Amino acid sequence: MAHFAKLGVGDIVLEVHAVSNDIVTSEQAGIEFLQKLHRDRAVWKQTSYNTREGQHLLGGTPLRKNYAGKGFQYDSTRDAFIPPKPYNSWIFNETTCVYDPPVARPNNTDIFSWNEDGQSWDLVDSKA
């Protein structure tokens, strides 16, 4: 399946649709199919289900840095889908096109949540 993000005002992703690979012989073919199906001239951009942080999870060619989701923004300069900023303190990463915390998450199997006021990771559940 090929996936396409429908863009709205400000290039914000409104929804993502899957289209059969039999129809999608190219990005343009997928766009034309969706415009005809929805009877509109909406802007659509193809997105890859297997692309995260500029890497293709299966070793293929990454597409537009991240798989698009509702609320993501398409950045035409970077040709990338950028997720919403989760916290004011988080910093945009130009390489991955995601927001990184100002303090690295602890590297273990425990579950943590970000504490914006304390600028720290709080333990939610210990797997030990």
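Residues numbered from 1 in each chain as written. Predicted model: local features only at pLDDT ≥ 70, side-chain atom pairs only at ≥ 80, totals over all residues. Heavy atoms only, no water.

### Quick look at the overall build of the protein
The condition is simple: Secondary structure elements follow DSSP: runs of H or I no shorter than four residues count as helices, runs of E no shorter than two count as strands, and numbering proceeds from the N terminus. What the globule rule says is 2.2 Å times the number of residues to the power 0.38, and the radius of gyration is computed from C-alpha atoms. Buried, partly exposed and exposed residues are distinguished by accessible area as a fraction of the type maximum, computed with a 1.4 Å probe on protein chains only: under 20%, between the cut-offs, and over 50%, respectively. We call two residues in contact when some of their heavy atoms are within 4.5 Å. Neither His nor the chain ends is counted toward charge; the positive residues are Lys and Arg and the negative residues Asp and Glu. All charge positions are set by atom: Lys at NZ, Arg at CZ, Asp at CG, Glu at CD.
Along its length, the protein carries 1 helix and 11 strands. Listed by position from the N terminus, the elements making up the protein come as β-β-α-β-β-β-β-β-β-β-β-β. Taken over the C-alpha trace, the protein has a radius of gyration of 17 Å; the compact-globule value for 128 residues is 14 Å, which it surpasses by more than 25%. Once the C-alpha set of the protein is aligned to its principal axes, its extents read approximately 50 × 30 × 25 Å. Expressed as a percentage of its 128 residues, the buried residues of the protein come to 34%. Considering only residue pairs separated by 6 or more positions, the protein has 31% of its internal contacts joining residues 24 or more positions apart. Between the averaged position of the 13 positive side-chain charges in the protein and that of its 16 negative side-chain charges there is a distance of 7 Å.

### Some thoughts on the pattern of salt bridges
Stated formally: A pair is scored as a salt bridge if a Lys or Arg side-chain nitrogen falls within 4 Å of a carboxyl oxygen belonging to Asp or Glu.
Within this structure, the stated rule accounts for 5 salt bridges. Note that Arg64 is salt-bridged to Glu27, the shortest N-O span being 2.9 Å. Residue Arg64 is located in the loop between strand S5 (55-56) and strand S6 (73-75), and its partner Glu27 is located in helix H1 (residues 27-38); the two are separated by 37 residues in the primary sequence. In this structure Glu27 comes out as partly exposed when scored by relative accessible area, which is 26%. A salt bridge links Glu94 to Arg78, with the shortest nitrogen-to-oxygen separation between them at 2.7 Å. Here the residue Glu94 occupies a position in the loop between strand S8 (91-93) and strand S9 (98-100), and Arg78 occupies one in the loop between S6 and strand S7 (80-82), the gap between them amounting to 16 residues. Three or more residues joined by partner-sharing salt bridges are found here, namely Glu27, Arg64 and Asp79.

### Here's the deal with the side chain of Asp75
Selection rule: Within 3.5 Å is the distance limit for a polar contact, defined as a pair of N or O atoms, with the added protein rule that one can donate a hydrogen and the other accept it, and that residues adjacent in sequence qualify only through two side-chain atoms.
Along the chain, Asp75 falls in strand S6. Separated by 2.9 Å, the side chain of Asp75 and the backbone nitrogen of Thr77 make a polar contact. For Asp75, the contacting residues outside a window of four places in its chain are Ala80 and Ile82.

### Considering the pairing of strand S2 (residues 13-19)
Along a regular strand, successive side chains alternate from one face of the sheet to the other. The condition is simple: Each pair of strands is called paired provided DSSP finds at least two bridges between the two strands.
In the sheet, strand S1 (residues 2-7) pairs with S2 via 6 bridges, with the strands oriented antiparallel. Its bridge partner being in S2, Lys6 is matched across the sheet by Glu15. Between S1 and the antiparallel strand that follows it, S2, lie 5 residues; Gly10 among them carries a positive phi value of about 75°.

### Observations regarding the sheet that holds S1
Convention followed: Comment: axis = line fitted to C-alpha atoms, over the contacting stretch for helices; angle = value between 0 and 180 degrees taken between N-to-C directions.
Taken together, the 3 strands give an open sheet; going across it, the order is S2-S1-S3, and neighbouring strands pair in antiparallel fashion. In the strand order of this sheet, the two ends are held by S2 and strand S3 (43-47), each with one partner. Taking the axes of each pair of neighbouring strands and ignoring which way they run, one obtains an average angle of 30° across the sheet. Packed on one face of the sheet, H1 meets S1, S2 and S3 and runs near 135° to S3.

### Let's talk about the environment of Asp122
Along the polypeptide, Asp122 turns up in strand S11 (residues 120-125). Spatially, the C-alpha atoms of Asp122 and Ile111 are 8.5 Å apart, while their sequence positions differ by 11 residues. If near-sequence neighbours (up to four positions away) are discounted, Asp122 is found in contact with Ile111, Phe112, Ser113 and Asn115. Separated by 3.0 Å, the side chains of Asp122 and Asn115 make a polar contact.

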